[in-house]
Amino acid sequence: MSTRGDKGIIRIIVVAVVLALLLAWAEGDLAFIGIGPWDAYFVRILNLAAINAVLALSLNLVNGFTGQFSLGHAGFMAVGAYTTSLLVMTPQMKKTVFFMEPMFEPLDRICIPFLPALLIGGAVSCVFGVLVGIPALRLKGDYLAIATLGFAEIIRLVLQNVRRLTNGALGLKGIPHVVNLWWTFGVGIAVFLFFRGFVRSSFGRALIAIRENETAAELMGIDIFRHKLLAFAISSFVTGVGGGLMASLLTTIDPVMFKLPTTFQILLTVVLGGMGSLSGSVIAAFIVTFMTEFLRVVEEPIHLGVWSIQGIPGLRMVIFSALLVIVVVFYPRGLLGNKELTWENLSSPVSRLFRRRVAS
Amino acid sequence: MSLLDIRHMTMKFGGLVAVDDFSLELNPGELVGLIGPNGAGKTTVFNCITGVYKPTSGQVVFNGRDITGMRPDLITRLGIARTFQNIRLFGSMTVLENVMVPLHWRLRSTFLEAACNTLRYPAEEREMRKKAMALLESVGLAPFADYLASSLPYGSQRRLEIARALSAQPEVLLLDEPAAGMNPRETQDLMEFIRKVRKDFHLTVLLIEHQMRVVMGICERIVVLDHGATIAHGSPEKISRDPKVIEAYLGVERHA
C-alpha cells in the first residue's frame, strides 16, 4: 500500500515537472537557454483549449454528474467575464470605451489586480447561479433546460441594456491581456483537481445518487434541493472564472458572445467527452478547440487548378454537427462514458500487450 | 406506546380513492404484513408514510411526532427507511457506494473539506467505509463490494436494496414486495433473511406482499387492503379464514 502511494506521489511530481517545463518552454520562459517560445497562434489555441476545459468541467458537474440539464452557462460566463473585465480595466481605458454614456461612479475609477478580480467574477457569477438555481432547480428535465436558458437570455439582455455599467451592445475593449499558459493551465488543473476530489467524496456520491434515481436518493436522507443547488453554485462559480479568463485572453467582449451557441459549444464538448467523466471533458475540450481552429481551412477558398471553390462560412459547424452525430451513434455515452482516464487503464493495454508477447 | 401510528389516512388522486381511511399501529419489534391484490393501494400507503405523497387527510405519527407531509429525506433521518417494489439502486455506483449514500447526511465536513480531503473529512470517509463494509458483511454482500450495483444478479439486487435501507439506521423498515419476481425457493431464503435482519438490527418491519402464502409464515399480524379499503386485520390464521379476504383474492362464487 505504501509503495503504491509512493509511486503515486513520484508519478505526480514527474508529471508536474514535465508539464511545468513544457509550459515554460511554450511561454518563452526558457528563452535564456535558447529555446521557445512557441508559435503565438498555437499558444493562443492552447490557452483557449484550457479555458474551454474549465467551462466543460463546470457544465459536466451539473449536467453529467448531478443529471440536471442546465443550459444557462453562457449567462454565467457573461457575468464572470464582465465583472472581471470591469474590475481590471484601467480608468483611462474605461473613459475611452464608455464614450456614449459615462460609467457608473465609483466603478469608473476602480482598478484591481487580475487574481482578485477573477475570484470576484466567479463569486458574482456564483451569486447569480444561486439566484437562478433557487427557482429553476425545482424543475426537472426539459423544463429545467428551458428555464435556465431563459435566465441566461435575461442576463445577456440586461448586460446589453444597462449601458452605464456594461457599455451595452458596444461591449468592452482594451481588457488587459494578463492571461498566459500559466494562468489558464493553472486554473484548469486547480479546477480539475478540486472537481476530482469533490466527485469522489461523499458529496459526489450524493450527486450521482440524485442522477441515478432522485426518489431513492431523497429516501436515503439526501436533501436533493440543497445538493443540486450546491452543484449549481460551484458550477456557476467556475464558469464565471472561465468567463473572466476568456475576457482577458480575447481583450474584447460583447453581449453577443454569450448567446446560446456558446452554451451549445460547451455542451457539445461535455457530450463528446462523456457525461460524468472529468478527464473526458478535458480531452474533448482540447479536441474541439483544436478542430475549431484547424477546420478553418475548409472555410477558405479552395483552388483546384482551374476550378476554385469559394469558401463557405460556417462549414466548420457542419463538420462539427456531423462529428457529433457520429459520436452519438457510435459512442452514445461519449468518448469515455462515465469512466475516468487513469494510469491503470492507460497502462493496462500496454502491459497486456507486453504480457502477451512474453507468453508467446 | 406504538412506534408508528397511522390514523385515518386517506389518499385521493382526483376522483380515485387510492387509500381510504387506513389506520394501523405498529408496536416496537413487530413484523406486520400488508397484503392485498394488485392495485389495492399498498404502495400508496408506503408513499404516504415516507413523504413521497402528502395524504389527503389523516395523520402519520412516528415516535409521538406528527410526520404527515414532511419532506421524505427528513422522515428517513428520523428513522423510517424503505425499499422499492421496482428496484431503484444507484446502478452506476458500486455495491459499497450504494450502502454509503444513506450515511451522507450525517457527514459533518463541508464540501470544501471533502473535495480537498482534509481536516475532518478523511477520518469521516474512513468511518463511513468501515460502517458500510460491516453492514455488507452482515448481509453477506461483502464479496461483491466493488461490483457495480447494476451488475448484480436480481436476487442480490433485492438484498442490496434492503442493505441500503438498513444503512440509514432506521427503527422502522418498510419493505415493498421484496420477493417480487422470485421463485419459491428464493422467496423462502429471503424471508429467512428478513427474519434475521429484523432480529439483528432490532427493527420494526412493515412488509408488503401480494402473495398471501409468503407472509403467512413470518408475520405476527396481517392487514388486508382491497380497493384502498382495509377489509381485514388480524393474525395470519384469522386472515386465512376470513371470507372477505378469500373473496378479494379468489372472487365471489356465483350460483346460477
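Here the structure is a predicted model, which means the values were calculated and not measured. (Residues numbered from 1 in each chain as written. Chains lettered and ligands numbered in written order. Predicted model: local features only at pLDDT ≥ 70, side-chain atom pairs only at ≥ 80, totals over all residues.)

### Focus: the overall build of chain B
- Scanning chain B for helices and strands turns up 10 helices and 10 strands.
- Computed over C-alpha atoms, the radius of gyration of chain B comes to 19 Å, within 12% of the 18 Å expected from 2.2 N^0.38 for 256 residues, which places it in the range of a compact globule.
- By the burial criterion, 43% of the 256 residues in chain B qualify as buried.
- Contacts in chain B between residues far apart in sequence, at least 24 positions, make up 66% of those at least 6 positions apart. (Helix = DSSP H or I, 4+ residues; strand = E, 2+ residues; numbered from the N terminus. Rg over C-alpha atoms; globule rule 2.2 N^0.38 Å. Buried ≥ 20, exposed ≤ 12 C-beta atoms within 10 Å, placed from the backbone. Contact = placed C-beta atoms within 7 Å.)

### As for helix α7 (residues 184-200) of chain B
- Given a rise of 1.5 Å per residue, 17 residues ought to cover 24 Å, and the 24 Å separating the end C-alpha atoms of α7 of chain B matches this to within 8%.
- Following α7 of chain B by one or two positions, histidine 202 of chain B adopts a phi angle in the positive range, close to 50°. (Expected span 1.5 Å × (residues − 1).)

### Looking at the environment of phenylalanine 22 of chain B
All names here are of chain B.
- Note on placement: phenylalanine 22 falls in strand β2 (residues 16-26).
- When the C-alpha atoms of phenylalanine 22 and threonine 230 are compared, they prove to be 6.5 Å apart, with 208 residues separating the residues in sequence.
- If we skip the residues at most four places from it in the chain, phenylalanine 22 touches Ile6, Met9, Val45 and Thr230.

### Section: the sheet that holds strand β4 (residues 57-62) of chain B
All names here are of chain B.
- The strand order β2-β1-β4-β5 describes an open sheet built from 4 strands, whose pairing is antiparallel. Both outer strands of the open sheet, β2 and β5 (65-66), are each paired with one neighbouring strand and no more.
- Relative to β2, strand β1 (residues 4-13) runs antiparallel, the two sharing 7 bridges. Along β2, the bridge assignment pairs methionine 11 with valine 19.
- Taken strand by strand, helix α1 (residues 42-49) contacts β1, β2 and β4, and its axis lies near 65° from that of β2. (Pairing = 2+ DSSP bridges. Axes fitted to C-alpha atoms, helices over the stretch in contact; angles between N-to-C directions.)

### A look at unusual backbone geometry
- Cis geometry marks the peptide bond from glutamate 105 of chain A to proline 106 of chain A; its omega dihedral reads -10°.
- For proline 106 of chain A, the position within the fold is in the loop between α4 (91-97) and α5 (114-136).
- The phi dihedral of threonine 251 of chain A is positive, around 60°, even though this residue is not glycine.
- Position of threonine 251 of chain A among the secondary structure elements: in the loop between α11 (224-250) and α12 (260-273).
- In the Ramachandran plot, histidine 202 of chain B falls in the positive-phi region, its phi being about 50° despite a non-glycine side chain.
- Here histidine 202 of chain B is to be found in the loop between α7 and β8 (204-209).
- By the C-beta count within 10 Å, which is 9 here, histidine 202 of chain B ends up exposed.

Just geometry here; none of it tells us what the structure is for.
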